[in-house]
Each structure stands twice: as C-alpha cells, then as structure tokens.
Amino acid sequence: MSFQYDMSDFSEVLVSENAIGRKLDEMAAEIRADYADKDLLLVGVLKGAVMVMADLARRMPPAVQMDWMAVSSYGSGTKSSGVVRILKDLDADLTGRHVLIVEDIIDTGVTLSWLTGNLRSRGAASVEVAALLRKPAAAVVDVPVKYLGFDIPNQFVVGYGLDFAEDYRTLPFVAVLKPEVYGDK
C-alpha cells in the first residue's frame, strides 16, 4: 500500500526511504557483529527515535532487549533550550549491561551528552550511540557516535520520527521543512 504525500511543505527530501533502509541494514550488521556475545540493551529516545528504533530492532536478533527514555531540551519550539529534563525514565537496570542509545538526530549534542553521562553513571558496562542523522554544523558539544546514518546540513528537518509540533513524524523519508511552515517559533 502506498500513500501519496503533499510535498508542498518541504523544500527538499534530504534522505529517501530507500536510503534509510540501506543505511539501517549496514548499521545493524555492524551492531550485530560488535555485540554478538554481549548483553545488549537498545535505549530509544522518545518520541523521535520510534521509527529508527523499530526498524533497527527488527534487524537485530530476537534476544536483544529494548527500553525507552524520554528527555527534552526543546519544549515546543525549533531550537534547543539547553536544559535537559527526564520525562520518562528507563525501566531496566543498566548494571553490567551494554547500552546502545538509539537516536533519530543529533543536533547541538547537549541532550545526548547529558544522557550518555547519566546512563554511564548507572553502572552500564558500556554506553554507545547509534543515530540516523547528525548536524555537524549545529554541534555545541562533541558526542562520539559509534553508528551513524547520515550527516545533514543545519536545516529544520521532519519525517521518519522527526516532527514539527507533533506533525510529519510518519513520513517515511527525511525532508527540509519550509521556513514559512514553522515561522518564527
């Protein structure tokens, strides 16, 4: 079943559905090899990482476990506030486990830097990051990313989990949202 999208809100598609699928195949193969004999926990960061986490997890062995955490530094705007808040904490005990944080996008790096430190402090054997997208030009804090999909320009993007005011998350691709759509928010 195919759905036709109204493309008038976007200036361009940065990453196609096919490109995302191919990249997730590559990332999953590396992760499976690196964690073959380890107790791996995938930690998805809500809400944006839902699509990445679901599609990446389906490429993992059935014994891989998942948990979710919700943190925010954005509020309802398009720019990070720099203050990180936990909105939903993990259910799993991280002691001695290998944790792979699954992110949709790394923007400033502030939230992810805080999150990796927080999870390390909980006794994890290791904490690494897998991210579909990264905006190098927006980085304020350098966060090591072990598994990376795509570097993209510092533009406001939506789709594949990324939203504007909770819209556009379900797009199967990543697109640049036209400034006139989001205005000065």
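The structure presented is a predicted model; accordingly, all values stated were derived computationally and were not measured.

**Student:** Give a detailed account of the overall build of the chain, specifying residues and quantitative values.
**Tutor:** Secondary structure summary: the chain contains four helices and nine strands in total. Reading the helices (α) and strands (β) of the chain from amino to carboxyl end gives β-α-β-α-β-β-β-α-β-β-β-β-α. Relative to the globule expectation of 16 Å for 185 residues, the C-alpha radius of gyration of the chain, 16 Å, shows essentially globular dimensions. Taking the principal axes of its C-alpha atoms as reference, the chain extends roughly 50 × 40 × 25 Å. Burial statistics for the chain: of 185 residues in total, 46% are counted as buried. For the chain, the exposed area adds up to about 9400 Å²; of that, 50% sits on carbon and sulfur atoms. Between the mean site of the 19 positive side-chain charges and the mean site of the 26 negative ones, the chain shows a separation of 2 Å.

**Student:** So what's going on with the environment of Met-60? Which residues, and what values?
**Tutor:** Its place among the elements puts Met-60 in the loop between helix H2 (50-57) and strand E3 (65-72). Among the residues examined, Met-60 registers a relative accessible area of 9% and is labelled buried. Sequence spacing of Met-60 and Leu-41 is 19 residues, and the spatial spacing of their C-alpha atoms is 11 Å. In contact with Met-60, not counting residues within four places along its chain, are Ala-28, Ile-31, Arg-32 and Leu-42.

**Student:** How would you explain helix H1 (residues 17-34) if you had to name every residue and give the values?
**Tutor:** Owing to its 3.6 residues per turn, the α-helix aligns residues three or four sequence positions apart on the same side. Over its 18 residues, H1 runs 26 Å from end to end, which matches the ideal 26 Å to within 8%, given 1.5 Å per residue. Residues of H1 that are buried: Ala-19, Ile-20, Gly-21, Lys-23, Leu-24, Met-27, Ala-28 and Ile-31.

**Student:** Tell me what's going on with unusual backbone geometry, and back it up with residues and numbers.
**Tutor:** A cis amide bond links Leu-46 with the next residue in sequence, Lys-47, at an omega value of -5°. Along the chain, the position of Lys-47 falls in the loop between strand E2 (40-46) and H2. The phi dihedral of Glu-166 falls on the positive side, at around 70°, and the residue is not glycine. Judged by relative accessible area, Glu-166 falls into the partly exposed class, the value being 45%.

**Student:** I'd like to hear about the pattern of salt bridges, residue by residue, with values.
**Tutor:** The tally for this structure, following the rule as stated, stands at 13 salt bridges. Salt-bridge contacts for Glu-166 lead to Lys-47; the nearest nitrogen and oxygen are separated by 3.3 Å. Remark: Lys-47 occurs in the loop between E2 and H2 and Glu-166 occurs in the loop between strand E8 (157-158) and strand E9 (174-177); sequence separation between them is 119 residues. The network of salt bridges with shared partners includes Lys-47, Asp-163, Glu-166 and Arg-169.

Parameters at a glance
Residues numbered from 1 in each chain as written. Predicted model: local features only at pLDDT ≥ 70, side-chain atom pairs only at ≥ 80, totals over all residues. Heavy atoms only, no water. Helix = DSSP H or I, 4+ residues; strand = E, 2+ residues; numbered from the N terminus. Rg over C-alpha atoms; globule rule 2.2 N^0.38 Å. Buried < 20%, exposed > 50% of the residue type's maximum accessible area, 1.4 Å probe, protein only. Areas by Shrake-Rupley, 256 points an atom, 1.4 Å probe, with all protein chains shown as cover. Lys, Arg positive; Asp, Glu negative; His and termini not counted. Charge placed at Lys NZ, Arg CZ, Asp CG, Glu CD. Contact = heavy atoms within 4.5 Å. Expected span 1.5 Å × (residues − 1). Salt bridge = Lys/Arg side-chain N within 4 Å of Asp/Glu carboxyl O.

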